[in-house]
Amino acid sequence: MKRSHIIALFVIAAGIGVIISTAGDSSTYVTFKQAIDMGANGSNAKVHVVGQLKKDANDQIEGMEYKPKDDPNFFSFIMIDENSQAQKVVYYHPKPADFERSEKIVVVGSFKDETFIADKILMKCPSKYVEKEITVNS
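Below is a summary of the structure that appears in this document. (Residues numbered from 1 in each chain as written. Predicted model: local features only at pLDDT ≥ 70, side-chain atom pairs only at ≥ 80, totals over all residues. Heavy atoms only, no water.)

### Section: the overall build of the chain
Then, in step 1: Along the backbone of the chain there are three helices and seven strands.
Then, in step 2: Overall, the chain shows an N-to-C arrangement of helices and strands of α-β-α-β-β-β-β-β-β-α.
Then, in step 3: The buried share of the chain, taken over its 138 residues, is 25%.
Then, in step 4: The contacts of the chain with a sequence gap of at least 6 include a subset with a gap of at least 24, amounting to 50%.
Then, in step 5: Carbon and sulfur atoms provide 54% of the accessible area of the chain, an area that totals close to 9,800 Å². (Helix = DSSP H or I, 4+ residues; strand = E, 2+ residues; numbered from the N terminus. Buried < 20%, exposed > 50% of the residue type's maximum accessible area, 1.4 Å probe, protein only. Contact = heavy atoms within 4.5 Å. Areas by Shrake-Rupley, 256 points an atom, 1.4 Å probe, with all protein chains shown as cover.)

### Here we look at the nonpolar core
Then, in step 1: In terms of nonpolar packing, the biggest core is built from 18 residues, with V49, F77, M79, V89, V107, F116 and I121 touching the most fellow members.
Then, in step 2: When contributions to this core are tallied by element, the ones reaching two or more residues are helix 2 (32–40), strand 2 (47–53), strand 4 (75–81), strand 5 (86–91), strand 6 (104–112) and strand 7 (115–124).
Then, in step 3: With residues near it in sequence (within four places) discarded, V89 still touches F32, F75, S76, F77, M79, V107, F116 and A118. (Core = buried A, V, L, I, M, F, W, Y, C linked by side-chain atoms within 4.5 Å.)

### Examining the pairing of strand 5
Then, in step 1: Pairing analysis gives six bridges linking strand 4 to strand 5, with the strands arranged antiparallel. Within the sheet, the bridge partner assigned to I80 lies in strand 5 and is A86.
Then, in step 2: The antiparallel hairpin formed by strand 4 and strand 5 contains four residues in its connecting segment, where S84 sits at a positive phi of about 65°.
Then, in step 3: Sheet topology note: the strand 5/strand 7 ladder contains three bridges and is parallel. Following the sheet pairing, Y91 is matched in strand 7 by A118. (Pairing = 2+ DSSP bridges.)

### Re the pairing of strand 7
Then, in step 1: Sheet topology note: the strand 6/strand 7 ladder contains nine bridges and is antiparallel. Looking across to strand 7, one finds that K104 is bridged to K124.
Then, in step 2: Connecting strand 6 to the next strand, strand 7, in antiparallel fashion are two residues, including D113 with a positive phi near 50°.

### Observations regarding unusual backbone geometry
Then, in step 1: Its identity as a non-glycine residue notwithstanding, D59 has a phi of 65°, on the positive side.
Then, in step 2: Assignment of secondary structure puts D59 in the loop between strand 2 and strand 3 (65–66).
Then, in step 3: Phi angles above zero are rare outside glycine, and S84 is one such case at about 65°.
Then, in step 4: Mapped onto the elements of the fold, S84 is located in the loop between strand 4 and strand 5.
Then, in step 5: Of the residues examined, S84 reaches a relative accessible area of 62% and is grouped as exposed.

What follows is the structure, given as structure tokens:
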């Protein structure tokens, strides 16, 4: 075999190894009930939960706690998943910008001690996706 063939095979084998190792770290989309069951079984696997913020009749967010002067790295809120199950979510980082305006939220993390601990919060804000009319002055 030529030297270039051996190097190409080595590069391909390394690429396959990287793909296999990252596939084991990927998480799945679940509901809070499934995340609770996984946590009860001792699983620390990271999962995605899709939902929205719990709001009252006046469209005010319920259960949100963030006191940056006391602890800027503690943020908690109540989220309702796609099965209408409400759950407290704790995020040990500062509150994301425009969090209150988000339409849908995806939290990535795992369930521990009756609380969902989020490692990441992904938000869909309606203002970013609203089609705007462009006017041209003639």
